[in-house]
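Understanding the architecture of this molecule
In case you want the letters, here they are:
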Amino acid sequence: MVRPLIAGNWKMNGLGRDLAEARAVAASLAETPAESRVAICPPATLLARMAEALSGSSVLLGGQDCHAEPSGAFTGDISAEMLADAGARLVIVGHSERRAGHGETDAMVAAKAAAAVRAGLQPIVCVGESRAQRDAGQTLEVIRRQVAGSIPPGMAEGGFALAYEPIWAIGAGATPTPDEIAAGAAALRQSLIDCAGAAGRTAPILYGGSVKPDNAAQILKLPEIGGALVGGASLKAADFLAIIRAQA
Ligand code: 13P
């Protein structure tokens, strides 16, 4: 059985003083270990200090994005190799905020995921439908297409995770119904198997979009859901720990 993954995406939030929240998560998990793997993906400015804060703990460090090239003239970008060098073990790629705000296509996301694997990182590849696509009844078609285009060929078992993040649920305080999440996850599992074979059968499918302490247990027990990608609620140790502990 693959261990679930609960990952916190701090997005463009967090200053040095907020490392105390990560330390509190690590301290709690040292006392009472979690069922899941736990990761925190801070902004790039905190990677080195976060690596130090989490050193010796069970909490994994993750990046929020990476460039597809290992190095070069790409001002402002960070490569997967640099993330690994800073102590990261995972990296989010293809988040909808990158796809929408930075014009990232499925092909670019696939190149980033391949770069992550090359650097020894586990990519968390994000997909999810917009409000308009949902309203038009296109959810499953859209997320299937995103998986087919965003998962690079040759992924190894245990090498990656997928995050299903309906765009309209992110930061909205609203989530799909449990049946909708389960239907999305079932479609994603089939797409993963179609494009990655055995690796697609076991890759954890995380749900993301307004995961909170009060809905985490219900979401995490849904079939095919193997964890959560948590935004706002990962910024405070108490909330993030409540989500981590909600795993049955
Ligand atoms: P929220 O949990 O704040 O809705 O964000 C979800 C998300 O985008 C995680 O990557």
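Residues numbered from 1 in each chain as written. Predicted model: local features only at pLDDT ≥ 70, side-chain atom pairs only at ≥ 80, totals over all residues. Heavy atoms only, no water.

**Thoughts on the sheet that holds strand 1 (residues 5–9)**
Each strand in a sheet pairs with its neighbour through backbone hydrogen bonds, running either in the same direction (parallel) or in the opposite one (antiparallel). Ordered by their spatial adjacency, eight strands build a closed barrel running 1-2-3-4-5-6-7-8, and the pairing between neighbours is parallel. Within the sheet, the average angular offset between the axes of one strand and its neighbour, ignoring direction, is 25°. Across the face of the sheet, helix 7 (residues 139–150) comes into contact with strand 5 (122–127) and strand 6 (161–164) while running at roughly 150° to strand 5. (Pairing = 2+ DSSP bridges. Helix = DSSP H or I, 4+ residues; strand = E, 2+ residues; numbered from the N terminus. Axes fitted to C-alpha atoms, helices over the stretch in contact; angles between N-to-C directions. Contact = heavy atoms within 4.5 Å.)

**Thoughts on the pattern of salt bridges**
Pairing is possible between side chains that carry opposite charge, provided their charged atoms lie close to one another. Enumeration according to the criterion identifies 11 salt bridges in this entry. Of the charged contacts, one joins Asp65 and Lys112 as a salt bridge, the two residues approaching to 2.8 Å between their closest N and O atoms. With Asp65 in the loop between strand 3 (59–63) and helix 3 (80–85) and Lys112 in helix 5 (residues 106–118), this residue pair connects regions lying 47 residues apart in the sequence. Judged by its relative accessible area of 8%, Lys112 falls in the buried class. For the salt bridge of Glu104 with Lys112, the shortest nitrogen-to-oxygen distance reads 2.8 Å. (Salt bridge = Lys/Arg side-chain N within 4 Å of Asp/Glu carboxyl O. Buried < 20%, exposed > 50% of the residue type's maximum accessible area, 1.4 Å probe, protein only.)

**Comments concerning the side chain of Ser96**
Within the secondary structure, Ser96 sits in helix 4 (residues 96–101). Look past the residues within four positions of Ser96 in its chain and what remains in contact with it is Gly101, Ile167 and Ile170.

**With respect to the site of the ligand**
Close contacts around the ligand come from Asn9, Lys11, His95, Glu165, Ala169, Ile170, Gly171, Gly209, Ser210, Leu229, Gly231 and Gly232, and that covers them all. Interatomic distance of 2.9 Å between a side-chain N/O atom of Glu165 and an oxygen atom of the ligand. The residue makeup of the shell around the ligand, split by class, is three nonpolar, seven polar and two charged. (Near = heavy atom within 4 Å. Polar contact = N/O pair within 3.5 Å; in protein donor to acceptor, adjacent residues only side chain to side chain. Nonpolar A, V, L, I, M, F, W, Y, C, P; charged D, E, K, R; others polar.)

**Side note on helix 8 (residues 178–196)**
The end-to-end C-alpha separation of helix 8 is 26 Å, in line with the 27 Å expected for 19 residues at 1.5 Å each. Taken together, the buried positions of helix 8 are occupied by Ile181, Ala182, Gly184, Ala185, Ala187, Leu188, Arg189, Ser191, Leu192, Ile193 and Ala196. Elements that come into contact with the buried residues of helix 8 comprise strand 5, helix 7, strand 6, helix 9 (198–202), strand 7 (205–208) and helix 10 (216–220). The positive-phi residue at the C-terminal boundary of helix 8 is Gly197, with phi of around 55°. (Expected span 1.5 Å × (residues − 1).)

**Focus: the environment of Val91**
Tracing the sequence through the fold places Val91 in strand 4 (residues 90–93). Residue classification places Val91 among the buried residues on the basis of a relative accessible area of 0%. When the C-alpha positions of Val91 and Lys112 are compared, they lie 9.4 Å apart, and in sequence the two are 21 residues distant. Not counting residues within four places of it along the chain, the set of residues in contact with Val91 comprises Gly63, Gln64, Asp65, Cys66, Leu83, Ala116, Leu121, Gln122, Pro123 and Ile124.

**Focus on the packing of helix 7 against helix 8**
Where helix 7 contacts helix 8, the axes come no closer than 9 Å and their chain directions differ by 30°. By the angle class used here, helix 7 and helix 8 are roughly parallel. Crossing angle aside, the handedness with which helix 7 passes helix 8 is right-handed. Two secondary-structure elements touch here, helix 7 through Leu140, Ile143, Arg144 and Val147 and helix 8 through Ala183, Gly184, Ala187, Leu188, Ser191, Leu192 and Cys195. (Parallel < 35°, antiparallel > 145°, perpendicular 65-115°, else oblique. Left-handed = near helix turned anticlockwise from the far one by under 90°.)

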